[in-house]
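Take a look at the letters that make up each chain.
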Amino acid sequence: MEFLDKYVLPQSAHHMILLKYLMALALLIFIPYISLLIGSLTFSLIFKNKSAKNNNAAHYKFSKFLIDLTTFNKVSALGLGLAPLLSISFGVAQLLHLSDVPAAGYILLSSIFYIAAIIFIYTFKYSFHLRDILGAVTENENIKEEIKEESSFYLSSANKLLRKSGFFGLALLLVSVYLFVGALNLTTRPELWDSGNYFINLIFSLQTVVGFLQIILFAFGFTAAFIIYRSYSSEAIKSDEKYFDFIKNFGLKTGLIISIILPLFIILSILVKSSQALSYNLFAYTLLALFVVMFISVLFYLMIRDAQLRYASSLVYLFVLAVFFVVMQEYSSLDTATKKQFAFLAANYDEYKSALEEEYGLKKVVINGADIYNGKCIACHQFDKKLVGPPYNETLPKYEGKREELVKFILNPVKINPDYPAMPNQGLKPAEAEAVVDYLLSTYKK
Ligand code: HEC
């Protein structure tokens, strides 16, 4: 995954802060979308299986309603799923630049699983509809026999597709999310950065398991709230009283149970966090998330008690708020855990910047006469002692007021004193010679 590093440019600290905000924003889009996708697909599969066993029409209808709930168009799968995933991957690549931790690569891998999952999920959706259409054709008296035969052939392949594609879609989606959670955790655990066994640490990590389960629970809860909201606002569903009752029941009960279990996982996710990721902000966001989720469970309870759906839309907003706090939780642990790396990258940027400035001649190179003396002259000259060359205190007074002559001598030494050998040319540039002369003339008197 080193190729990712090639797309990374050193960034200033300001840019990196902006980058972290953008990652939080991407998470705010990705988590709700992926939650609805997981929740609706899982419930859809459960009720499709049930309807196959008990031939319950409501179950069948619900299953189809569920899969249509999140797969409204393909652009959403790219815009709300893939795009945030890729931007998070590039953000992580930037943040972990120069550290060999392949977290960004794992997120990229997760997005490949995601794309495969989306293909299966849409196949599931289309074969669902196809099967109903073909089923209607085969049962229609007025349709020609050959077309019926053709339909029944495609009906059985649609059935086969339906059986497998939904399951594969869900399995791939879960792998994608697991990898994603693991990679993000790797980013917030600096103690693992030198371990080398990144993949093992990512897969077999309590933190990944807890984070993953937290997302799954959240997915079920959020989907339940969304189901309630959709059935509450749809006249078509309300008009079929039995079906409406069934959906309502399922949504409310699932929502209540999940919103009671979820706080446990929110607390657990803090307990398994690396100590290097803890901060006051993290605890504050955790408390806020807990508070919102408890409020959600109260609303679910009130709606069950009063047998109405008055709080349906508030529920959806509250879930979005809960996502916000959970994402901010993740953001602050990322922020805390990468502090050192952040400082390192910022310093690296300064170096990079001054190298660039030098390359384009934007930087004035300050020549230090003392440095040149210490580097090039000190081996043969001291101010008050004779070494290979004469002491400066003896030779410099004659140059008093004749700076240019001394510069000329140093740039091009000539034989002067028979007691000494000739001074070898030191290969200085004119500006360097001037600097060292200024240094010598101002120093020798002291
Ligand atoms: C390898 C030894 C060597 C190094 C290095 C060297 N010098 Fe000299 N320098 C000499 C010798 C030998 C003389 C005497 C030359 C003579 O009198 O002909 C001399 C003479 C001088 C004098 C006196 C000139 C005069 O008019 O009498 C100055 C001033 C001087 N060096 C400056 C420098 C400076 C500045 C540097 C560093 C950039 C430097 N030297 C590096 C060996 C050295």
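Here the residue numbering is sequential within each chain, running from 1 through the sequence in written order. In keeping with the predicted nature of the model, local features appear solely for residues at pLDDT of at least 70, side-chain atom pairs appear and are counted solely at 80 or more, and the whole-chain, interface and lining totals rest on all residues. Hydrogens are left out, water is left out, and the side-chain values use all remaining heavy atoms of the structure.

(A) Molecular detail of the nonpolar core. By nonpolar core we mean a set of buried residues, namely Ala, Val, Leu, Ile, Met, Phe, Trp, Tyr and Cys, connected to one another through side-chain atoms within 4.5 Å. Each residue is placed in one exposure class: buried if its accessible area under a 1.4 Å probe, protein chains only, is under 20% of its type's maximum, exposed if it is over 50%, and partly exposed if it falls in between. Counting residues in each nonpolar core, the largest one holds 104 residues, and the members touching the most others are F62, I88, V92, Y114, I227 and F300. A run of DSSP states H or I qualifies as a helix once it reaches four residues; a run of E qualifies as a strand once it reaches two. Both are numbered from the N-terminal end. Looking at this core, the element that brings in the most residues is helix α2 (residues 13-54), giving 15 residues. We call two residues contacting when some pair of their heavy atoms lies within 4.5 Å. Leaving out residues up to four positions away in the same chain, Y114 has contacts with Y33, I34, L37, A77, G81, L82, L85, L173 and S176. Formed by 18 residues, the second largest nonpolar core is a distinct cluster that contains F409, I410, L428 and A433.

(B) The arrangement of the coordination of the iron atom of the ligand in detail. Bound to the iron atom of the ligand are the protein donor atoms H381 (NE2) and M423 (SD), situated 1.9 to 2.2 Å from the metal. Angles of 87 to 178° at the metal separate the six donor atoms of the iron atom of the ligand, which places the site in the octahedral class. One end of the pair, H381, is in the loop between α14 (369-377) and α15 (392-395); the other, M423, is in the loop between α16 (403-411) and α17 (430-443), with 42 residues separating them in the sequence. Assessed through its relative accessible area of 26%, M423 is described here as partly exposed. Water is absent from the atoms considered, so a metal site may look incomplete; donors are defined as N, O and S atoms within 2.8 Å of the metal, or 3.2 Å for Na, K and Ca. Here a site with four donors is tetrahedral if all angles are between 85 and 135 degrees, and a site with four or six donors is square planar or octahedral if opposite donors are over 155 degrees apart and the other angles are between 65 and 115; anything else gets the irregular label.

(C) Just the domain arrangement of the protein, in detail. Each domain's limits were defined by an automated method or a database of domain assignments. Taken domain by domain, the protein comprises domain 1 (3-352) and domain 2 (369-443). Once you take the C-alpha centre of each, domain 1 and domain 2 turn out to be 74 Å apart.

(D) Structural detail: the environment of N249. Tracing the backbone through its elements, the reader meets N249 in helix α10 (residues 241-271). Note: C-alpha distance between N249 and I304 (55 residues apart in sequence) is 8.2 Å.

(E) Here's a closer look at the environment of K429. In this structure, K429 sits in the loop between α16 and α17. What makes K429 exposed here is its relative accessible area of 56%. Separated by 19 residues in the primary sequence, K429 and I410 place their C-alpha atoms 10.0 Å from one another.

(F) Quick look at the side chain of S297. Within the secondary structure layout, S297 lies in helix α11 (residues 280-306). Accessibility expressed as a relative area gives 12% for S297, which makes it buried. Apart from residues no more than four positions distant in its own chain, S297 is found in contact with L256, S259 and I260.

(G) Structural detail: the site of the ligand. Any residue with a non-hydrogen atom lying within 4 Å of a molecule or strand is treated as near it. Surrounding the ligand, one finds 25 residues, the nearest of these being C377, C380, H381, Y399 and M423. Polar contacts, as counted here, are pairs of nitrogen or oxygen atoms within 3.5 Å of one another; within protein the pair requires one atom able to donate a hydrogen and one able to accept it, and residues that are adjacent in sequence qualify only if both atoms are side-chain atoms. Taking Y399, its side chain carries an N or O atom lying 2.5 Å from an oxygen atom of the ligand. Taking N417, its main chain carries an N or O atom lying 3.0 Å from an oxygen atom of the ligand. Secondary structure elements with two or more residues in the shell around the ligand: α14, α15 and α16. Per-element tally for the shell around the ligand: the top contributor is α16, with three residues. Following the grouping adopted for this structure description, the nonpolar residues are Ala, Val, Leu, Ile, Met, Phe, Trp, Tyr, Cys and Pro, the charged ones are Asp, Glu, Lys and Arg, and the polar ones are all others, Gly among them. Taken together, the residues of the shell around the ligand sort by class into 17 nonpolar, five polar and three charged.

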